[in-house]
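Now for the letters of each chain:
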Amino acid sequence: MSTAKENIEQRLTEILQRDNAACVVLDGEWGVGKTTFWKNFSNEKFKENSVYVSLFGKESIQEIKQEIGIQIYKRNKYISEFSEKAKNLRFDKVIDEVTPKLGSALIGCISFFKKENFKDVIICFDDFERISDKINLKDVLGTISEYKEQQNCHIVMILNCSKMTAPAKETQKEDKKNLEDKELKNTSQIKEDKTELEIILSEYKDKIMDYEFYYDPTPQESFNIVSSELEEVYRDAALQYFEKHAINNIRVMRRAINALNDYKQHLEDKLQKYQPIKDNAITYILGISIINAMNSSAEI
């Protein structure tokens, strides 16, 4: 489901205010600002209830649960199950400073919390494409299901589905070619050769994913996020270039912004009196920096 940015915000607000837990997938290409969009939106609408965890760098399910537990603990400022016993022990200080490893392990356990500790919590899981090979994706999705079904937490999953399924599709394509070479064209056999990743995504899509939104901002919307990083004198020219070439990737924009800022002294000192040449130079700098950003191995 592809929707305008404003409509996604409106729908997310409505869905995440419901009493019954829902799982929302925020899909989109790399670099378009999905994470930035979510953080800005959640800070504005659900700052007190939002928990964010990046899967990048995590090496176990327990580590993921620990981070979620710590954020929920800090949100509540106490753990209800132990709050009475810990009144005179500065329990927050014990967990945060005295026994950080033990504290993290404990509050990583869902059973450590009571149901009310999860009330109105929204957990965002990001960076699925960068998940460690030490963690099974099925276990991660199972954990997400646990928070949704048992604790009634709303879930937001940020991912680039095309990148996650691309290896599977390539594998199937290669397998199909090999089968054809061997004159084995049985479709059921090709199906069995699908990678585990695609099978898992398909299985859990029906089980836990309730809504899917495809985040595809306009160049203007993406540029609004990073425009303050560019010298004001070049903003109009940069935006016109991004709009002309339908560029909405924030990472690519930043490379172009850095290039323009780097060349400011030369542009202003040496070409100030030659506006047509200066305009051409700005366009050239934008083009080269964008080509390099999109394909670092491109030969110029």
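Keep in mind it's a predicted model, so treat the numbers as computed, not measured. Each chain carries its own residue numbering, running from 1 in the written order of its sequence. Thresholds applied to this predicted model are a pLDDT of at least 70 for local features of residues and 80 or more for the giving and counting of side-chain atom pairs; totals over whole chains, interfaces and linings are not thresholded and use all residues. Calculated side-chain values reflect all of the structure's heavy atoms, with hydrogen atoms and water omitted.

**Describing the pairing of strand S2 (residues 50–54)**
A regular strand places its side chains on the two faces of the sheet in alternate fashion. Only protein chains enter the accessibility calculation, which uses a 1.4 Å probe; a residue is then buried when its area is under 20% of its type maximum, exposed when over 50%, and partly exposed in between. Elements are defined by DSSP. Helices are runs of H or I of four residues or more, strands are runs of E of two residues or more, and each kind is numbered from the N terminus. Counting buried positions over the five residues of S2 gives four, a clear majority of the element. Whether two strands pair comes down to DSSP finding at least two bridges between them. The pairing of S2 with strand S3 (residues 122–126) spans five bridges and is parallel. Opposite Val 51, over in S3, you have Ile 123 as the bridge partner.

**Focus: the packing of aromatic side chains**
The aromatic pairing rule takes the rings of Phe, Tyr and Trp, using the six-membered ring of Trp, and pairs them if the centres are within 6.5 Å, calling planes under 30 degrees apart stacked, those over 60 edge-to-face and the rest tilted. Counting across every chain of the model gives five aromatic pairs. One aromatic cluster is present, built from ring pairs that chain together Phe 37, Trp 38, Phe 41, Phe 46 and Tyr 215. Whether a charge sits over a ring comes down to the Lys NZ or Arg CZ being within 6 Å of the ring centre and within 35 degrees of the ring normal. Here the basic side chain of Lys 39 rests over the ring of Tyr 52, its NZ or CZ set 4.4 Å away from the ring centre. Of note, Arg 130 hangs over the ring of Phe 56, and the distance from its end group to the ring centre comes to 3.7 Å.

**Regarding helix H13 (residues 250–262)**
Between the first and last C-alpha of H13 there are 18 Å, a value that for 13 residues agrees with the 18 Å anticipated at 1.5 Å per step. Taken as a whole, H13 has its buried residues at Ile 250, Val 252, Met 253, Ala 256, Ile 257, Ala 259 and Leu 260. Between N or O atoms, a polar contact is any pair within 3.5 Å; within protein, one atom must be a potential hydrogen donor and the other a potential acceptor, and residues adjacent in sequence are included only when both atoms are from side chains. Looking at where H13 begins, the residue whose side-chain oxygen comes 2.9 Å from the main-chain nitrogen of Arg 251 is Asn 249. In this analysis, the expected span of each helix is defined as 1.5 Å times one less than the number of residues it contains.

**Describing the confidence of the model for the protein**
pLDDT expresses, on a scale from 0 to 100, how confident the predictor is about each individual residue. Scored by pLDDT, the protein comes out at a mean of 79, with 72% of its residues at no less than 70. Taken element by element, the predicted model of the protein shows its lowest mean pLDDT in helix H9 (residues 187–192) (43) and its highest in S3 (97). What makes two residues a contact is simply this: any of their non-hydrogen atoms within 4.5 Å. Segment residues 97–102 is flagged for pLDDT under 50; beyond a separation of four residues in sequence, or across chains, it makes three contacts in the model.

**Focus on the sheet that holds strand S5 (residues 211–214)**
Remark on secondary structure: sheet strands pair via backbone hydrogen bonds, oriented parallel or antiparallel. Read from one edge of the open sheet, five strands run S2-S3-S4-S1-S5, paired in parallel fashion. Since the sheet does not close on itself, it has two edges, and those belong to S2 and S5, each with one partner. Averaged over all pairs of adjacent strands, the angle between strand axes in this sheet comes to 20 degrees, irrespective of strand direction. Direction of pairing for strand S1 (residues 23–27) relative to S5: parallel, over a ladder of four bridges. Its bridge partner being in S5, Val 24 is matched across the sheet by Tyr 211. Every axis corresponds to a line fitted to the C-alpha atoms, with the helix fit spanning only the stretch in contact, and the corresponding angles, defined between N-to-C directions, vary from 0 to 180 degrees. Along the sheet, helix H1 (residues 5–16) makes contact with S1, S3, strand S4 (154–159) and S5, crossing S5 at roughly 160 degrees. With respect to the sheet, helix H7 (residues 137–151) is in contact with S1, S3 and S4, its orientation differing from that of S4 by roughly 155 degrees.

**Overview of the pattern of salt bridges**
Whenever Lys or Arg places a side-chain nitrogen within 4 Å of a carboxyl oxygen from Asp or Glu, that contact is recorded as a salt bridge. One pass over the full model with this rule turns up 13 salt bridges. One salt bridge connects Arg 18 with Glu 14, and the closest N-O pair in it is separated by 2.7 Å. Look at Arg 18 and you get partly exposed, because its relative accessible area is 32%. For Glu 14, a relative accessible area of 34% puts it in the partly exposed group. Of the charged contacts in the structure, one is a salt bridge between Glu 59 and Lys 134, with a shortest N-O distance of 3.5 Å. Residue Glu 59 is found in the loop between S2 and helix H3 (61–76), and its partner Lys 134 is found in the loop between S3 and H7; the two are separated by 75 residues along the sequence. Since its relative accessible area comes to 45%, Glu 59 is described here as partly exposed.

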